[in-house]
Amino acid sequence: MQILPIGKKGYENFTKGGAKVVNQYWDIFTGLSFEKVQTAAKHAMDAFANKEVDAVELIYSEFKNAATQRFVAEQFLPVSKVAKTEGQKNADFIFEPDKNVLIAELMPKILNTQLFKATLDANASEHGARMTAMDKASDNANELLKSLKISYNRARQAAITTELTEIVSGAAALQG
């Protein structure tokens, strides 16, 4: 098993675990671009074509919204065939150029785009999680501030009450 982590946390985790890690793509998120992701996709496709690996799976966090992400595992290589649905007829299309030429030309582009989409989803998920965490931290800080203001005002009020009591007691002692 070979692991090609994209991102610092995954790289650190798998390196500590002693897995066989390809360490040249972990910093792709620094200056994220299609070209950087394309080199990682090419590495995975070459490893599959050279039979270094039997299959390639993408495991990433899919972005739903700022508060929700879900982990997804999907087959990258070999590309799975689409199952026929009941009642579906075989269509005989004429391809120009040949079907094999089209597949050879389009498949790498599709796979590059699929990995780029997964990388963008993971990046958006990370930013969403950070945004949610910062929002919760702000809410907690505001709650703490409110609690501290109440404590401060109670202590101040107690100090004023004590001073007034001492002044009144002193005045009563002088008159009395």
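To be clear, the structure that these remarks concern was listed above.
Residues numbered from 1 in each chain as written. Predicted model: local features only at pLDDT ≥ 70, side-chain atom pairs only at ≥ 80, totals over all residues. Heavy atoms only, no water.

**Re the overall build of the protein**
When its secondary structure is counted, the protein shows 3 helices and 2 strands. Listed by position from the N terminus, the elements making up the protein come as α-α-β-β-α. Counting only C-alpha atoms and orienting by the principal axes, one finds that the protein spans roughly 115 × 45 × 25 Å. For the protein, the proportion of its 176 residues judged to be buried stands at 19%. Considering only intrachain contacts with a sequence separation of at least 6, the fraction spanning at least 24 residues in the protein is 49%. Taken as a whole, the protein presents about 13,600 Å² of accessible surface, with 58% of it coming from carbon and sulfur. (Helix = DSSP H or I, 4+ residues; strand = E, 2+ residues; numbered from the N terminus. Buried < 20%, exposed > 50% of the residue type's maximum accessible area, 1.4 Å probe, protein only. Contact = heavy atoms within 4.5 Å. Areas by Shrake-Rupley, 256 points an atom, 1.4 Å probe, with all protein chains shown as cover.)

**Here's the deal with the pairing of strand β1 (residues 56-65)**
Pairing of β1 with strand β2 (residues 68-77) involves 9 bridges; the strand directions are antiparallel. Counted as the bridge partner of glutamate 57 is glutamine 75 from β2. Hairpin geometry of β1 and β2 is characterised by an intervening segment of 2 residues between the two adjacent antiparallel strands. (Pairing = 2+ DSSP bridges.)

**Quick notes on unusual backbone geometry**
In this model, leucine 77 is joined to proline 78 through a cis peptide bond whose omega is -5°. If you trace the backbone, proline 78 turns up in the loop between β2 and α3 (99-175). For the bond running from glutamate 96 to proline 97, omega is -5°, close enough to zero to count as cis. Following the sequence through the fold, proline 97 ends up in the loop between β2 and α3. With phi around 60°, lysine 51 is a residue other than glycine that occupies positive phi space. With respect to the helices and strands, lysine 51 occurs in the loop between α2 (34-49) and β1.

**Observations regarding a nonpolar patch on the surface**
Together, Ile160, Leu164 and Ile167 give the surface a local cluster of nonpolar side chains, amounting to about 290 Å² of exposed area. On the secondary structure map, isoleucine 160 appears in helix α3. Looking at isoleucine 160, the relative accessible area reads 40%, which means it is partly exposed. (Patch = residues over 30% accessible without salt bridge, like charges linked within 9 Å, V, L, I, M, F, W, Y side chains within 5 Å. Salt bridge = Lys/Arg side-chain N within 4 Å of Asp/Glu carboxyl O.)

**Structural notes on α2**
Compared with the 22 Å implied by 1.5 Å per residue over 16 residues, the 22 Å span of α2 between its first and last C-alpha is a close match. Within the span of α2, buried status applies to Val37, Ala40, Ala41, Ala44, Met45 and Ala47. For α2, the angular spread of buried residues about the axis comes to 160°, placing them on one side. In α2, the exposed residues that point more than 90 degrees away from the buried face are Glu35 and Ala49. (Expected span 1.5 Å × (residues − 1). Arc of directions from axis to C-beta.)

**Re the packing of aromatic side chains**
Across all of its chains, the model carries 3 aromatic pairs by this definition. For the ring pair tyrosine 11 and tryptophan 26, a centre distance of 5.3 Å and an interplane angle of 15° mean the geometry is stacked. Residue tyrosine 11 is located in helix α1 (residues 8-16), and its partner tryptophan 26 is located in the loop between α1 and α2; the two are separated by 15 residues in the primary sequence. Ring plane angle 55° and centroid distance 6.4 Å describe the contact between phenylalanine 93 and phenylalanine 95, whose orientation is recorded as tilted. (Phe/Tyr/Trp six-rings, centres within 6.5 Å; stacked < 30°, edge-to-face > 60°.)

**Looking at the environment of threonine 30**
Among the structural elements, threonine 30 can be located in the loop between α1 and α2. The exposure class of threonine 30 is exposed, given its relative accessible area of 55%. Placed 23 residues apart in sequence, threonine 30 and glycine 7 show a C-alpha to C-alpha distance of 9.0 Å.

That's the geometry; what it means functionally is another story.
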